[in-house]
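These are the residues of each chain, in order.
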Amino acid sequence: MVVTSQTTQAEPFEVAKTDGRPAVLTLDGPAPADPVAWAAGNRDAVRAAVAEHGALLVRGLDLRDAQSVGRVSRELVDQVMTEREGFATREVWADGVYSSSEWPADQPMCMHHELSYARQVPATLLFACLAAPESGGATGVADSHEVLEALPPSLVDRFEREGWLLDRNYTDTVGVGLAESFGDGTRAGVEAYCATRGIELTWQANGDLRSGQKAPAVLSHPVSGRRGWFNQIAFLNEWTLDPVIREYLKFEFGDNGLPFNTRYGSGAPLDEDTVTTINAVYDKHTLREPWREGDLMVVDNFRMAHSREAYEGTRRIAVVLGDPVTVPSSF
Ligand SMILES: [Fe+2]
């Protein structure tokens, strides 16, 4: 393992970047008495390290509760976002501070960029570990530019030409509800939200809702301009689902009734090989560091995809979405 330790700013801000791991800043000695003051004092250095490496794990800040995470995050991002159109339910733990997405502990959450299908995308994500699981459960990150370079050119070309489609089905029984997704659960409220964001809606006879939206698959980073594979094409596709769960959902809701599915922008379905190829490239480019209680990870959501491993034990990760950017609707 090659260690390429480097100093991003004057001592003691020394970021270690090791193969296979995200950049890590370890605060030696006792934790800062006031993590909010530490964040305020080190904001520029933290953001510079995130700009350089795509993500930074700060170890030793000793964050213990959601309120502290909220106050620290407000020092590190310009604007804290309210989540809309999330793909899974979250609890609100404090103002602007959410639980990680509800997802079965024994199922990994594959690489994705948060809200990559939406028009308002958080540029910065903060994850804080309030309870570390007994095993597994790391939040992996992968560089979208490196993933783009590693994918087969023919696969990239087609998605770049066509974009990708996200299909969603909102039901009373599975997944995120209308009010949580759109901020207003009334039919008029949902329609008003979607009309301004290019989301097409079909109301079913029983009141359930089907939605469809198109997004670019490859995006230039809003600051660096570097192109990256920025989407949730593989993660939200039926071929990423555990086969037992996929069959159950299809039996229950029909072939077109899955809570999520993705297609080529032309409407054509994806085959299993395409999805497997994308997930395999992500696996190869995953950087991981097991969580320790009190850790904070700041992630550039445009630059880095993130994932969650399966885990055992209690895992409490607080999440803040920050710095919304409006993504061009070029499709
Ligand atoms: Fe996520």
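Scroll up a little and you will see the structure.
Throughout what follows, the structure given in this document is the object of discussion. On a predicted model such as this, the values are computed, not experimentally measured, just so you know.

### So, the sheet that holds strand E10 (residues 139–143)
In space, the 3 strands of this open sheet follow the order E7-E18-E10, with antiparallel pairing throughout. Here the strands that pair on one side only, and so sit at the sheet edges, are strand E7 (109–112) and E10. Averaged over all neighbouring strand pairs, the angle between strand axes comes to 15 degrees, with direction disregarded.

### Digging into the packing of aromatic side chains
Considering all chains together, one arrives at 8 aromatic pairs under this definition. Seen from their ring centres, Phe87 and Trp103 are 5.9 Å apart, and the 85 degrees between their planes marks the pair as edge-to-face. Placement of Phe87 in the loop between helix H2 (66–76) and strand E5 (92–94) and of Trp103 in the loop between strand E6 (97–99) and E7 is noted, with a sequence separation of 16 residues between them. Overall, the relative accessible area of 4% leaves Phe87 in the buried class. Classification of Trp103 by relative accessible area gives partly exposed; the value is 25%. Ring centres 5.1 Å apart and planes at 85 degrees place the aromatic pair Phe87 and Phe235 in the edge-to-face group. Of this pair, Phe87 sits in the loop between H2 and E5 while Phe235 is found in the loop between strand E15 (227–229) and helix H7 (243–253), placing the two residues 148 residues apart along the sequence. Both residues of the pair, Phe87 and Phe235, belong to the buried class. Lying over the aromatic face of Trp203, Arg187 brings its terminal NZ or CZ to 4.3 Å of the ring centre. It is Arg316 that lies over the ring of Trp93; its NZ or CZ is 4.2 Å from the centre.

### Considerations on the nonpolar core
Within the largest apolar cluster, 48 residues are counted, with the highest numbers of intra-cluster contacts made by Phe159 and Trp229. Considering each element in turn, this core owes the most residues, 4 residues, to helix H8 (residues 272–284). Setting aside residues no more than four positions away along its own chain, Phe159 makes contact with Trp164, Ala217, Trp229, Ile233, Tyr264, Leu270 and Thr274.

### Some details on the environment of Cys129
Structurally, Cys129 can be placed in strand E8 (residues 120–131). Using a relative accessible area of 0% as the deciding quantity, one classes Cys129 as buried. Each C-alpha atom, one on Cys129 and one on Leu296, is 6.5 Å from the other, the two residues being 167 residues apart in sequence.

### Describing the coordination of the iron ion
When four donors bind a metal tetrahedrally, each ideal donor-metal-donor angle is 109.5 degrees, and when six bind octahedrally, the ideal angles are 90 or 180 degrees. Those protein atoms acting as donors to the iron ion are His112 (NE2), Glu114 (OE) and His306 (NE2), and they sit at 2.0 to 2.1 Å. Sequence positions of the residues that donate to the iron ion give the spacing H-x1-E-x191-H. Of this pair, Glu114 sits in the loop between E7 and E8 while His306 sits in strand E18 (residues 304–308); the two residues are 192 residues apart in sequence, bridging distant segments of the chain.

### Some points on the pattern of salt bridges
Following the criterion strictly, the structure yields 18 salt bridges and no others. Residue Arg90 is joined to Glu114 by a salt bridge in which the shortest nitrogen-to-oxygen separation is 2.9 Å. Here Arg90, found in the loop between H2 and E5, pairs with Glu114, found in the loop between E7 and E8; they are 24 residues apart in sequence, far enough to count as distant. An identical accessibility class is assigned to Arg90 and Glu114; each is buried. Linking Arg158 and Glu162 is a salt bridge whose minimum nitrogen-to-oxygen distance equals 3.1 Å. Within this pair, Arg158 and its partner Glu162 are both found in helix H4 (residues 153–162), separated by 4 residues, close to a single helical turn.

### Considering the environment of Ser116
When you line up the elements, Ser116 lands in the loop between E7 and E8. Assessed through its relative accessible area of 4%, Ser116 is described here as buried. Remark: the alpha-carbon pair of Ser116 and Ala23, spanning 93 residues in sequence, is separated by 23 Å. When neighbours within four sequence positions are excluded, Ser116 is seen to be in contact with Trp164, Ala215, Phe230, Asn231 and Gln232.

### Description of the side chain of Thr139
Residue placement: Thr139 occurs in strand E10. Among the residues examined, Thr139 registers a relative accessible area of 5% and is labelled buried. Of the polar contacts made by the side chain of Thr139, one reaches the side chain of Trp291; its length is 3.0 Å. In this structure the side chain of Thr139 is engaged in a polar contact, spanning 3.1 Å, whose partner is the side chain of Arg315.

Cut-offs used in this document
- Residues numbered from 1 in each chain as written.
- Predicted model: local features only at pLDDT ≥ 70, side-chain atom pairs only at ≥ 80, totals over all residues.
- Heavy atoms only, no water.
- Pairing = 2+ DSSP bridges.
- Helix = DSSP H or I, 4+ residues; strand = E, 2+ residues; numbered from the N terminus.
- Axes fitted to C-alpha atoms, helices over the stretch in contact; angles between N-to-C directions.
- Phe/Tyr/Trp six-rings, centres within 6.5 Å; stacked < 30°, edge-to-face > 60°.
- Buried < 20%, exposed > 50% of the residue type's maximum accessible area, 1.4 Å probe, protein only.
- Lys NZ or Arg CZ within 6 Å of the ring centre and 35° of its normal.
- Core = buried A, V, L, I, M, F, W, Y, C linked by side-chain atoms within 4.5 Å.
- Contact = heavy atoms within 4.5 Å.
- Donors = N, O, S within 2.8 Å, 3.2 Å for Na, K, Ca; no water.
- Salt bridge = Lys/Arg side-chain N within 4 Å of Asp/Glu carboxyl O.
- Polar contact = N/O pair within 3.5 Å; in protein donor to acceptor, adjacent residues only side chain to side chain.

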